[in-house]
Amino acid sequence: MSTVPFRRVAILGTGLIGGSFALALRELFPGVDLVGYSRAGSSERARAAGVVDEATTDLASAVRGADLVYLALPIGASIEALASVTQAASANALITDACSTKNSICRAAKDHFRGGARFLGGHPMAGKEQSGVEHAGAQLFRGAPYALMGLESDSDPRVQAFAQIVRAMGARPVWTDPETHDWAVGIVSHLPQMLSVALARVVADETDETGLPLSLSGPGLQDMLRLAGSPYDIWRDILLTNTDNVSRALDRLAQAIDFLRTNLARKELRLEFQAANGLYQQLRKSP
């Protein structure tokens, strides 16, 4: 992109996602003015590391004068912040979020944004099991889907400018609605997290005083348990705001496991492996 579509950007929540978005913006637009907000001091660490230019613990002062506000707080905190953001935001500002569920925050945003400042729900499908600005990186979103709540044909220049930024960061915009998004991530994101936690519980409970079976594990188990390293504090609000979809996904997984158990010694299991192999190859070929 040749011009800077947003000259002053407020990053509300300067952890892994907010910090990575700030670094990616700075890489694309070296002259962009970045201000970071946090309640517990992470914005000051982000400023010291050069992730943002300014740091503040006052939300209104961060938002005031910004033409792009990037909400990267936990879901509950993001929803709580909407009222203050609305009061401080300029009429031409675009407010977007990076929350992992969309139904709750988009519904709340409708009560606060009724003209002037525009809210665009968003969710970058990227992350790490480690949290914090120390693990942020400008390349975090590269190659990842980036869900945007709305229509690709939206004529608002602010929305189109943000979609261009997403593409310039190397991510792939996926336009959808909040309900569809929450159903989809319940299957492809939240279910894998729950499966990893459940697998970790089984392995921990089965491991005896000799260290077996854990001491015999190889890289396969490490790959399967990578998500088990994610902290509960990040997942609490996700599960609270997507309970029904996650519950249905777990029910579907339980059915699949029951089928495997029933067919452990039967040739029908070959078809399950073939289907699994096919999906894996499809994922490997995806952008």
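Preceding block: the structure.
Being a predicted model, the structure only gives us computed values, none of them experimental. (Residues numbered from 1 in each chain as written. Predicted model: local features only at pLDDT ≥ 70, side-chain atom pairs only at ≥ 80, totals over all residues. Heavy atoms only, no water.)

(A) Layout of the sheet that holds strand β2 (residues 33-37). Pairing is parallel in the open sheet, where six strands are placed in the order β3-β2-β1-β4-β5-β6. The sheet is open, and its two edges are formed by β3 (54-56) and β6 (118-120), each paired on a single side. On average, adjacent strands in this sheet sit at an angle of 20 degrees to one another, irrespective of strand direction. In terms of strand pairing, strand β5 (residues 94-97) meets β6 through three bridges, oriented parallel. Bridged to Leu94 within β6 is Arg118. (Pairing = 2+ DSSP bridges. Helix = DSSP H or I, 4+ residues; strand = E, 2+ residues; numbered from the N terminus. Axes fitted to C-alpha atoms, helices over the stretch in contact; angles between N-to-C directions.)

(B) Examining the packing of aromatic side chains more closely. Per the counting criterion, the structure on display carries six aromatic pairs. With 5.8 Å between their ring centres and 25 degrees between their planes, Phe113 and Phe119 make a pair best called stacked. Pair check on accessibility: Phe113 and Phe119 agree, each one buried. (Phe/Tyr/Trp six-rings, centres within 6.5 Å; stacked < 30°, edge-to-face > 60°. Buried < 20%, exposed > 50% of the residue type's maximum accessible area, 1.4 Å probe, protein only.)

(C) Quick look at the nonpolar core. Phe6, Val9, Phe21, Leu25, Tyr70, Phe141 and Phe162 are the most contacted members of the largest nonpolar core, which has 36 residues in total. Of all the secondary-structure elements, those providing two or more residues to this core are β1 (8-12), α1 (16-28), β4 (68-71), β8 (145-149) and α6 (157-168). Setting aside its immediate chain neighbours within four residues, Phe141 contacts Ile17, Ser20, Phe21, Tyr70, Pro124, Ala126, Met169, Gly170 and Ala171. Counting residues in each nonpolar core, the second largest holds 32 residues, with Ala77, Ile95, Cys106 and Trp235 among its members. (Core = buried A, V, L, I, M, F, W, Y, C linked by side-chain atoms within 4.5 Å. Contact = heavy atoms within 4.5 Å.)

(D) Quick look at the pairing of β2. The element β2 is extensively covered by neighbouring structure, given that four of its five residues are classed as buried. Pairing of β1 with β2, which is carried by five bridges, proceeds in the parallel orientation. If you follow Arg8 over to β2, its bridge partner there is Asp33. Traced from β1 through α1 to β2, the parallel crossover comes out right-handed. Relative to β3, β2 runs parallel, the two being bridged by three bridges. What sits directly across from Gly36, in β3, is Ala55. Traced from β2 through helix α2 (residues 42-48) to β3, the parallel crossover comes out right-handed. (Right-handed = clockwise from strand over helix to strand, strands pointing away.)

(E) Examining α1 more closely. For α1, which comprises 13 residues, the first-to-last C-alpha distance of 18 Å matches the rise-based estimate of 18 Å (1.5 Å per residue) to within 8%. Every buried residue of α1 is accounted for by Leu16, Ile17, Gly18, Gly19, Ser20, Phe21, Ala22, Ala24 and Leu25. Contacts from the buried residues of α1 go to β1, β2, β4, β7 (122-124) and α6. (Expected span 1.5 Å × (residues − 1).)

(F) Here's a closer look at the environment of Val51. Mapped onto the fold, Val51 is located in the loop between α2 and β3. In sequence terms Val51 and Ala40 are 11 residues apart; their C-alpha atoms lie 16 Å from each other. Other than its neighbours up to four places away in sequence, Val51 contacts Gly19, Ala22, Leu23, Arg26, Leu34, Ala46 and Val133.

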